[in-house]
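Here are the chains, one letter per residue:
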2 protein chains.
Amino acid sequence: MNSDSNPPVRRRIAIDMDEVMADALSRHLDLYNRHYAAAVTREHMHGKYLHEVVPAEHQEQVHQWVYEVGFFRDLPVMPDCVEVIRELQQTYDIFIATAAMQFPNSFTEKYDWLARHLPFIPWTHIVFCGDKSVIAADYLVDDHAKNFIGFRGEGILFTAPHNAQVTGYRRVANWREVRALFLEGGL
Amino acid sequence: MNSDSNPPVRRRIAIDMDEVMADALSRHLDLYNRHYAAAVTREHMHGKYLHEVVPAEHQEQVHQWVYEVGFFRDLPVMPDCVEVIRELQQTYDIFIATAAMQFPNSFTEKYDWLARHLPFIPWTHIVFCGDKSVIAADYLVDDHAKNFIGFRGEGILFTAPHNAQVTGYRRVANWREVRALFLEGGL
């Protein structure tokens, strides 16, 4: 994006929220296991989504939870996420890009979550979208490879159980690896 | 954006909401004139914002209205907007890109407004953002030239009183001119 600019401008990283910054899966598993007195763990989900590893008659409820008011409000922050994003901001322009349009109930919850956990991200750098091909950035850190379709920068796949078998992208398993890639890896 | 694609893909137009699709200024003027028993019109605002043409002691209230719950809910649709966007969709990919992050109270109001007036726009093609340089599109139709800074496509300025004296961009005065530019002008 900036190869012909003079002076060089900062490269831009767009960062997904769910399963990258916010641990939505932990909450989803907790809701499921408590509701059905089950004991599903991440280890059961290698290469699959939660709705794919539960009995067919539970799938509708599993989908339903994500649309309910409150689901996104108190999601735990992924380990090291806040510190690494703060460090990345020294060198890169950081935008948060989340497919919130799929869950209109989540707008305020996601906005408030960001304000609470990452108050150093200005409102100008938050994007609620659907199709992420609309994001103009050099990198997109996301757990869904489908979001890299049409994206004109480089997609960096953030490891989650459901994407365990996806290949074809640089991959980071956690925020320490994000730091290593962007700040120590010479990107 | 697509010059090296084969087969050619559809060009993308991003469209701003306030003062382009939704007539926020009419509502703002109505609130002001009723509250202060005034008679400010668009004609008084050539090259200026509303807060610039009212007495200094009214400016804080003028700013305040935009942040209040309900401001965006029932804004009138600009003439011909719905029909022209529907026509543009035949030829272009249409994204709605609004700086909603500045007004967190507006999220649901803007989402519902779009669902009511333009139900043919899928949620995947709606973007709530701040800095519009994050939008990847070939064209951005917007009333604020500041939103063209850093935008990598062409900014098309939609005429509003406040931008009357802005130069340097192709300009459209209404939705019939948008139709002429994109569907009859050989863009």
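Just so it is clear, the model here is predicted, and its values are computed rather than measured.

### Describing the overall build of chain A
No. 1: When helices and strands are tallied, chain A shows 6 helices and 6 strands.
No. 2: Counted from the first residue to the last, chain A has its helices and strands arranged as β-α-α-α-α-β-α-β-β-β-β-α.
No. 3: With respect to the three principal axes, the spread of C-alpha positions in chain A is 60 × 35 × 30 Å.
No. 4: Out of the 187 residues in chain A, the part that is buried amounts to 51%.
No. 5: Restricting the contact set of chain A to residue pairs at least 6 apart, pairs at least 24 apart contribute 62%.
No. 6: Taken as a whole, chain A presents about 8,600 Å² of accessible surface, with 49% of it coming from carbon and sulfur.

### Thoughts on the nonpolar core
Nonpolar side chains in soluble globular proteins tend to be buried together.
No. 1: Of all hydrophobic cores here, the largest spans 102 residues; its most connected members are A:Met21, A:Trp175, B:Met21 and B:Trp175.
No. 2: Among all residues touching B:Met21, those that are not within four sequence positions of it are B:Ile15, B:Asp16, B:Pro76, B:Val77, B:Met78, B:Cys81, B:Ile85, B:Ile96, B:Trp113, B:Leu114, B:Leu118 and B:Trp175.
No. 3: Grouped together as the second largest cluster of nonpolar side chains are 26 residues, A:Leu140, A:Phe148, B:Ala97 and B:Phe148 included.

### Comments concerning helix H6 (residues 175–184) of chain B
Residues and elements named next belong to chain B.
No. 1: Of all the residues in H6, the buried ones are Trp175, Val178, Leu181 and Phe182. For H6, the angular spread of buried residues about the axis comes to 115 degrees, placing them on one side.
No. 2: Residues of H6 that are buried in the fold lie against strand S1 (12–15), helix H4 (81–88), strand S4 (139–142), strand S5 (154–158) and strand S6 (170–172).
No. 3: One side-chain oxygen at the N-terminal end of H6 lies 3.0 Å from the backbone nitrogen of arginine 176; it belongs to asparagine 174.

### Focus on the state of the cysteines
No. 1: Tallied over the entire structure, the rule returns 0 disulfides over all chains.
No. 2: Free of any disulfide, A:Cys81 has its nearest neighbouring cysteine sulfur in A:Cys129, separated by 17 Å.
No. 3: Looking at the unpaired B:Cys129, the closest cysteine sulfur is the one in A:Cys129, lying at 9.7 Å.

### Details of the confidence of the model for chain A
No. 1: Chain-level statistics for chain A give a pLDDT mean of 94 and a share of 95% at 70 or above.
No. 2: Across the predicted assembly, pTM comes out at 0.92 and ipTM at 0.92.

### Here we look at the interface of chain B and chain A
No. 1: If you look at the interface, chain B gives 24 residues, while chain A gives 24 residues.
No. 2: Roughly 2,200 Å² of surface becomes buried between chain B and chain A when both sides are summed, with 67% attributable to carbon and sulfur atoms.
No. 3: Of all residues in chain B, B:Met101, B:Trp123 and B:Val134 bury the most surface against chain A, accounting for 27% of the area lost on that side.
No. 4: One can count 0 salt bridges joining chain B with chain A.
No. 5: In this assembly, chain B and chain A are joined by 7 residue pairs in polar contact (both at pLDDT 80 or more).

### Looking at the packing of helix H5 (residues 107–117) of chain A against helix H5 (residues 107–117) of chain B
No. 1: Two numbers describe how H5(A) lies on H5(B): the axes approach to 9 Å, and their chain directions differ by 145 degrees. Here H5(A) contributes A:Phe107, A:Thr108 and A:Tyr111 to the contact with H5(B), which in turn contributes B:Phe107, B:Thr108 and B:Tyr111.
No. 2: Looking at the contact of H5(A) with H5(B), its residues break down into 4 nonpolar, 2 polar and no charged.

### Concerning the relation of the copies chain B and chain A
No. 1: Once chain B is rotated about the relating axis by 180 degrees and shifted along it by 0.0 Å, it coincides with chain A to within an RMSD of 0.0 Å. Look at the turn and shift together and you get a two-fold axis relating the two.
No. 2: A share of 100% of the interface residues of chain B reappears at the interface of chain A, consistent with the copies meeting face to face through the same patch.

### Some thoughts on the packing of aromatic side chains
No. 1: In this structure the tally under the stated criterion is 25 aromatic pairs over all chains.
No. 2: For the pair B:Tyr32 and B:Tyr36, a centre-to-centre distance of 4.9 Å together with 40 degrees between the ring planes defines the contact as tilted. Here B:Tyr32 and its partner B:Tyr36 are both found in helix H1 (residues 24–36), 4 residues apart, which amounts to about one turn of the helix.
No. 3: Among the aromatic residues, those joined into a ring-pair cluster are A:Phe107, A:Tyr111, A:Phe128, B:Phe107, B:Tyr111 and B:Phe128.

### Side note on empty space enclosed by the protein
No. 1: Across all of its chains, the model carries 1 cavity of 30 Å³ or more by this definition.
No. 2: Of the voids in this model, the largest cavity is the one considered here, and its volume is about 30 Å³.
No. 3: A breakdown of the residues in the lining of the largest cavity according to their chemical character gives 5 nonpolar, no polar and 2 charged.

### Observations regarding the packing of helix H4 (residues 81–88) of chain A against helix H6 (residues 175–184) of chain A
Residue and element names in this part refer to chain A.
No. 1: At a minimum axis distance of 9 Å, the contact between H4 and H6 shows a crossing angle of 15 degrees. Here H6 runs roughly parallel to H4, going by the angle between their axes. At the point where H4 passes H6, the crossing takes the left-handed sense. Within the contact between the two elements, H4 uses Cys81, Val84, Ile85, Glu87 and Leu88 and H6 uses Trp175, Val178, Arg179, Phe182 and Leu183.

Rules of the game
- Here the residue numbers are simple positions, counted from 1 along each chain's written sequence.
- Starting at A for chains and at 1 for ligands, labels are handed out in the order in which the entities are written.
- Only residues with pLDDT of at least 70 are given local features in this predicted model, and only at 80 or more are side-chain atom pairs given and counted; all residues enter the totals for whole chains, interfaces and linings.
- Computation of side-chain values: all heavy atoms of the structure, hydrogens and water removed.
- A run of H or I in DSSP becomes a helix once it reaches four residues, and a run of E becomes a strand once it reaches two; helices and strands are each numbered from the N terminus.
- For each residue, the accessible area found with a 1.4 Å probe, counting protein chains only, is set against the maximum for its type, and the residue is called buried under 20%, exposed over 50%, and partly exposed in between.
- Residues are treated as being in contact if the distance between any of their heavy atoms lies within 4.5 Å.
- For accessible areas, the Shrake-Rupley method is used with a probe of radius 1.4 Å. Any residue's cover is judged against the shown protein chains and nothing else.
- Nonpolar cores are built from buried Ala, Val, Leu, Ile, Met, Phe, Trp, Tyr and Cys residues. Side-chain atoms within 4.5 Å join them into one set.
- Summarising the geometry, the arc corresponds to the directions from the helix axis toward the C-beta atoms.
- Think of a polar contact as two N or O atoms within 3.5 Å of one another; within protein, one of them needs to be a possible hydrogen donor and the other a possible acceptor, and neighboring residues in sequence only count if both atoms come from side chains.
- Disulfides are defined as pairs of cysteine sulfur atoms found within 2.5 Å of each other.
- Note on scores: pLDDT gives the predictor's confidence for each residue, bounded by 0 and 100.
- When two parts are put together, the accessible area they lose, computed with a 1.4 Å probe and summed over both, is reported as buried area.
- Within this document, salt bridges are pairs made up of a side-chain nitrogen of Lys or Arg and a carboxyl oxygen of Asp or Glu, the two lying within 4 Å of each other.
- Comment: axis = line fitted to C-alpha atoms, over the contacting stretch for helices; angle = value between 0 and 180 degrees taken between N-to-C directions.
- Side-chain classes are defined by residue name, with Ala, Val, Leu, Ile, Met, Phe, Trp, Tyr, Cys and Pro counting as nonpolar, Asp, Glu, Lys and Arg as charged, and the others, Gly among them, as polar.
- Here the copies were fitted onto each other by least squares, based on C-alpha atoms from residues at pLDDT of at least 70 in both.
- Stacked, edge-to-face and tilted are the three classes for Phe, Tyr and Trp ring pairs, Trp counted by its six-membered ring, which pair at centre distances within 6.5 Å; planes under 30 degrees apart are stacked, over 60 edge-to-face, the rest tilted.
- Cavities and pockets were defined on a 1 Å grid built over protein atoms only: a cavity is a set of grid points that admits a 1.4 Å probe from which the probe cannot escape, a pocket is an open set flanked by protein on both sides within 12 Å along at least five of seven lines, and lining residues are those with an atom within 4 Å of any such point.
- Grid points are joined across faces, edges and corners, and a volume is the space filled by probe spheres set on the points.
- The labels follow the angle: roughly parallel below 35 degrees, roughly antiparallel above 145, roughly perpendicular from 65 to 115, and oblique for the rest.
- What makes a crossing left-handed is the near helix being turned counterclockwise from the far one by less than a right angle; a clockwise turn instead makes it right-handed.

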